[in-house]
Structures are given as C-alpha cells and as structure tokens.
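# Structural features, examined
So you can see what is in the structure, the chains are spelled out below.
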Amino acid sequence: MTAEQDVFLLNQLAQGLASEDEGRRWFRQLASGEQRDVLSKLWLFAAQAGARESDVDAAIARAKLKPSFTPCVVLRNGRLKIQAAKVIDLPLEEREKSFRLLLALFQVADERRRNEECRNGCTHWWHAKQ
Ligand SMILES: [Zn+2]
C-alpha cells in the first residue's frame, strides 16, 4: 500500500466509512516498521485535529479498551505530546491496542473540529461530503 492509500484508509476508518475489523486486519498484516509509521501518522492527524489531554478518556471508551491497558495508562500519564510518543514506541504486543487508541483519539478530535470549525465549510477534503 502506498503512503497515500494509508492516509486515505485512516481517514475512512476515522469517519466510520471503513469497518474497525477491516482496519484491524489491515494493521495486523503490516510489517513492524509500517505499523510504527501508521501509529505516528495517526498521532499526527490527531494532533492536527486538535486532540487534547481531556480527550484521552473519551478515546479509551470509544476504542472499548480497559483503562488499565498499557497504552491507555501511558497516554493518560501526562502531557499528551510526550505520552503519545511513548505509546508509539511501546513493544510489539501493544501495537494493536495502541492503534485502536490513537485512531479513537483522532476520531474524538476530528468530530469536535467538524462540529466547531467546519460547520460552515472547510478545505479538509475528507469532510467534503458531510
Ligand atoms: Zn473540516
């Protein structure tokens, strides 16, 4: 998959246009380095969409993860930017949970942006058909 296809799928996933199962299956078959790139991208998208520390609990609930799972504990543990970098670097066995968590964080932030800033039209191509 090319980088552009990755970005497209991530945005489809973020808006519920692609199923979570589909997203997880796709993520699982990626090589380790690609998975890490996807986590970095998701965090970048979440940050661009204005994700904040107060969004983390909503993201955990949305991803249907237990707050005691390692990526959740790490992400809640301080400044979002620093903690997100730690989540991206967690061991391989935490990757899938980290993917679900960062995707949900992007969804929470993107929904708020769409409701607050994009109501009267915007230039985010993935909001164009809303
Ligand atoms: Zn927009």
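The text that follows walks through the structure, step by step, so that each part is easy to find.

About the thresholds
- Residues numbered from 1 in each chain as written.
- Predicted model: local features only at pLDDT ≥ 70, side-chain atom pairs only at ≥ 80, totals over all residues.
- Heavy atoms only, no water.
- Helix = DSSP H or I, 4+ residues; strand = E, 2+ residues; numbered from the N terminus.
- Rg over C-alpha atoms; globule rule 2.2 N^0.38 Å.
- Buried < 20%, exposed > 50% of the residue type's maximum accessible area, 1.4 Å probe, protein only.
- Contact = heavy atoms within 4.5 Å.
- Areas by Shrake-Rupley, 256 points an atom, 1.4 Å probe, with all protein chains shown as cover.
- Lys, Arg positive; Asp, Glu negative; His and termini not counted.
- Charge placed at Lys NZ, Arg CZ, Asp CG, Glu CD.
- Phe/Tyr/Trp six-rings, centres within 6.5 Å; stacked < 30°, edge-to-face > 60°.
- Axes fitted to C-alpha atoms, helices over the stretch in contact; angles between N-to-C directions.
- Parallel < 35°, antiparallel > 145°, perpendicular 65-115°, else oblique.
- Left-handed = near helix turned anticlockwise from the far one by under 90°.
- Nonpolar A, V, L, I, M, F, W, Y, C, P; charged D, E, K, R; others polar.

## Things to note about the overall build of the protein chain
A tally of regular secondary structure across the protein chain gives seven helices and zero strands. Sequence-ordered secondary structure for the protein chain, helices as α and strands as β, is α-α-α-α-α-α-α. In terms of overall dimensions, the protein chain is globule-like: its C-alpha atoms have a radius of gyration of 14 Å, near the 14 Å expected for 130 residues. Dimensions of the protein chain, computed from C-alpha atoms along their principal axes, come out at roughly 40 × 35 × 20 Å. Counting the 130 residues in the protein chain, one finds 45% classified as buried. A fraction of 68% describes how many contacts in the protein chain between residues 6 or more apart in sequence connect residues 24 or more apart. Surface exposure of the protein chain reaches about 7,400 Å², of which carbon and sulfur atoms provide 49%. Taken as two groups, the 21 positive and 18 negative side-chain charges of the protein chain have centres that lie 3 Å from each other.

## Considerations on the packing of aromatic side chains
Geometrically, a pair of aromatic rings is defined through the distance of the ring centres and the angle of the planes. Throughout the structure, instances matching the rule amount to three aromatic pairs. Note on Trp 26 and Phe 99: the rings are 6.4 Å apart at their centroids and 55° apart in plane angle, and the pair reads as tilted. Of this pair, Trp 26 sits in helix H2 (residues 20–28) while Phe 99 sits in helix H7 (residues 95–116), and the two are 73 residues apart along the sequence. For Trp 26, a relative accessible area of 8% corresponds to the buried category. Owing to a relative accessible area of 2%, Phe 99 belongs among the buried residues under this scheme. Taken together, a centroid distance of 4.3 Å and an interplanar angle of 10° make the contact between Phe 27 and Phe 99 stacked. Residue Phe 27 is located in helix H2, and its partner Phe 99 is located in helix H7; the two are separated by 72 residues in the primary sequence. Among the residues examined, Phe 27 registers a relative accessible area of 1% and is labelled buried.

## Quick word on the environment of Arg 25
Topologically, Arg 25 is positioned in helix H2. Along the primary structure Arg 25 and Gln 35 are separated by 10 residues, whereas in three dimensions their C-alpha atoms are 12 Å apart.

## A word on the environment of Ala 109
Within the secondary structure layout, Ala 109 lies in helix H7. For Ala 109, the contacting residues outside a window of four places in its chain are Ala 46, Ala 49, Gly 50, Ala 51 and Asp 55.

## Things to note about the packing of helix H1 (residues 3–14) against helix H3 (residues 32–48)
Close contact between H1 and H3 brings their axes to 11 Å; oriented N to C, the two are set at 55°. Judged by the angle between their axes, H1 and H3 are oblique. The handedness of the crossing between H1 and H3 is right-handed. Note on element contacts: H3 touches H1 through Val 38, Lys 41, Leu 42 and Phe 45, opposite Ala 3, Asp 6, Val 7, Leu 10 and Asn 11. Classifying every residue of the contact of H1 with H3 by side-chain character gives six nonpolar, one polar and two charged.

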